[in-house]
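# Notes for the structure review
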Amino acid sequence: MSRKLVAGNWKMNGGAAANAALVNGLLAGIGQPRCDVVVCPPAVYLHQVRGLCGENAVLQLGAQDVSVAEGGAHTGDVAASMLAEFGVRYCIVGHSERRRYQHESDLTVAHKAERALAAGITPIVCVGETLEERQHGLTEFTVRRQLDAVIQINHGRLAGMVVAYEPVWAIGTGESATPEQAQQVHAALRARLKAVDTDAAGVRILYGGSMNADNAAALLAQADIDGGLIGGAALKAAEFLQIVAAAG
Ligand code: PEP
């Protein structure tokens, strides 16, 4: 069984004082976790968070997005090579909020994953169905379509990525998928990865969507759930640490 991974997606939250309180709270309580722990602050705070973490490698740096371009005339973008040079180890790509508000297509997400992999950054590729898609029985069809775009562009390098199953209806709603619902999708994602590349069978598949201190243990106990991508609960040091403990 692979070492689990717990990543905090701070989204567009925080500020210098709040970040310092959060990171110091995490460092004070984290000890030696038995899982990998990543924090993904807004890009402008990566520098501050790197400084707060200091030499402590227990908290690893993640970005929330990366440019689909390699460099050049892309105002506002940050290249994967820049993130890597800065010490960023992970990068969320294809979060449903970016798919929705920035209209990112499956192909764009696949190319973002490609950029991250080429720069030595582990992409955390998000997939997930809307409530409507679930209600129409399209859950596995949707996540497979999203995953297949990434597979097609990144064949042969899939073992270097992480997948996050994030049902859109569970994100920020307080309504998590049940462990059984999540496990069913995770098993389907794993089967697909294994079918296209046996080396990718061990890719870590995180669950995200209203994971919190109360439901983390049951979700993380599922055979194919290898960690969590945490939004709201990642902003509270004590709760995030409880999730990290549940993943140990
Ligand atoms: C997320 O945005 O990736 C997420 C999982 O959010 P939340 O935990 O708040 O549902």
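This section reports on the structure supplied with the text. (Residues numbered from 1 in each chain as written. Predicted model: local features only at pLDDT ≥ 70, side-chain atom pairs only at ≥ 80, totals over all residues. Heavy atoms only, no water.)

Right, let's get into the overall build of the protein. Helix and strand content of the protein: 10 helices and eight strands. For 248 residues, the compact-globule formula gives about 18 Å, and the C-alpha radius of gyration of the protein, at 17 Å, lands near that figure. Considered along the principal axes of its C-alpha atoms, the protein spans approximately 45 × 45 × 35 Å. Burial status across the protein gives 50% buried among its 248 residues. Within the protein, counting contacts between residues at least 6 apart in sequence, those at least 24 apart form 73% of the total. Surface exposure of the protein reaches about 11000 Å², of which carbon and sulfur atoms provide 52%. One finds the centroid of the 20 positive side-chain charges in the protein at a distance of 3 Å from the centroid of its 24 negative side-chain charges. (Helix = DSSP H or I, 4+ residues; strand = E, 2+ residues; numbered from the N terminus. Rg over C-alpha atoms; globule rule 2.2 N^0.38 Å. Buried < 20%, exposed > 50% of the residue type's maximum accessible area, 1.4 Å probe, protein only. Contact = heavy atoms within 4.5 Å. Areas by Shrake-Rupley, 256 points an atom, 1.4 Å probe, with all protein chains shown as cover. Lys, Arg positive; Asp, Glu negative; His and termini not counted. Charge placed at Lys NZ, Arg CZ, Asp CG, Glu CD.)

Every one of the 14 residues lining the ligand counts as a neighbour, but Lys11, His95, Glu166, Gly172 and Ser210 are closest to it. A distance of 2.7 Å separates an oxygen atom of the ligand from a polar atom in the side chain of Glu166. One of the backbone N or O atoms of Gly232 is found 2.8 Å from an oxygen atom in the ligand. Contact with the protein chains covers 95% of the free accessible surface of the ligand, which is 290 Å². (Near = heavy atom within 4 Å. Polar contact = N/O pair within 3.5 Å; in protein donor to acceptor, adjacent residues only side chain to side chain.)

Our focus in this paragraph is the pattern of salt bridges. One pass over the structure, following the stated rule, counts 16 salt bridges. One salt bridge in this structure joins Glu70 and Arg115, with 3.7 Å as the shortest N-O distance. Taken together, the residues span a long stretch of sequence, with Glu70 in the loop between β3 (59-63) and α3 (80-86) and Arg115 in helix α5 (residues 106-118) at a distance of 45 residues. For Arg115, a relative accessible area of 27% puts it in the partly exposed group. One salt bridge connects Arg144 with Asp148, and the closest N-O pair in it is separated by 3.3 Å. Of the two residues, Arg144 and Asp148 both sit in helix α7 (residues 139-154), four residues apart, roughly one turn of that helix. By relative accessible area, which is 42% here, Arg144 ends up partly exposed. Each member of the salt-bridge network shares a partner with another, and the members are Asp65, Arg98, Glu104 and Lys112. (Salt bridge = Lys/Arg side-chain N within 4 Å of Asp/Glu carboxyl O.)

Attention now moves to the sheet that holds strand β1 (residues 5-9). A barrel is described by the order of its strands in space; here eight strands give the closed sequence β1-β2-β3-β4-β5-β6-β7-β8, paired in parallel fashion. Between one strand and the next, the sheet's axes are offset by a mean angle of 25°, whatever the strand orientation. Across four bridges, the pairing between strand β5 (residues 122-127) and strand β6 (residues 162-165) is parallel. From the neighbouring strand, Ile124 faces β6, where its bridge partner is Val162. In the packing of helix α1 (residues 16-30) onto the sheet, the strands contacted are β2 (36-40) and β3, and the crossing angle to β3 comes to about 145°. Along the sheet, α5 makes contact with β4 (90-93) and β5, crossing β5 at roughly 165°. (Pairing = 2+ DSSP bridges. Axes fitted to C-alpha atoms, helices over the stretch in contact; angles between N-to-C directions.)

Let us look at the nonpolar core. Nonpolar side chains in soluble globular proteins generally cluster together in the buried interior. By size, the foremost hydrophobic cluster in this structure holds 63 residues, and its most contacted members are Val163, Leu189, Leu193 and Tyr207. If sequence neighbours within four positions are ignored, Tyr207 has contacts with Tyr165, Pro167, Ala170, Ser176, Ala177, Ala182, His186, Leu219, Ile225, Gly227, Gly228 and Leu229. With 12 residues, the next largest nonpolar core counts Val38, Cys40, Cys126 and Leu206 among its residues. (Core = buried A, V, L, I, M, F, W, Y, C linked by side-chain atoms within 4.5 Å.)

Even without a glycine there, the phi angle at Lys11 is positive, about 50°. Along the chain, the position of Lys11 falls in the loop between β1 and α1.

Our next topic: the pairing of β5. Within a regular strand, the side chains alternate between the two sheet faces. With six of six residues buried, β5 is to be regarded as a mostly interior element. Of the two faces of β5, the one holding Thr122, Ile124 and Cys126 and the one holding Pro123, Val125 and Val127 are both buried throughout.

Before going further, it helps to spend a moment on the packing of α7 against helix α8 (residues 179-196). It is at 10 Å that the axes of α7 and α8 come closest, and there the two elements cross at 35°. The handedness of the crossing between α7 and α8 comes out as right-handed. Across the interface between the two elements, Thr139, Glu140, Val143, Arg144, Leu147, Asp148 and Ile151 from α7 touch Gln184, Val185, Ala188, Leu189, Arg192, Leu193 and Val196 from α8. Split by residue class, the contact of α7 with α8 holds eight nonpolar, two polar and four charged. (Left-handed = near helix turned anticlockwise from the far one by under 90°. Nonpolar A, V, L, I, M, F, W, Y, C, P; charged D, E, K, R; others polar.)

Within the element layout of this structure, Asp224 appears in the loop between α9 (216-220) and β8 (227-230). Separated by 78 residues in the primary sequence, Asp224 and Gln146 place their C-alpha atoms 19 Å from one another. With residues near it in sequence (within four places) discarded, Asp224 still touches Gln183, His186, Ala187, Arg190 and Ile205.

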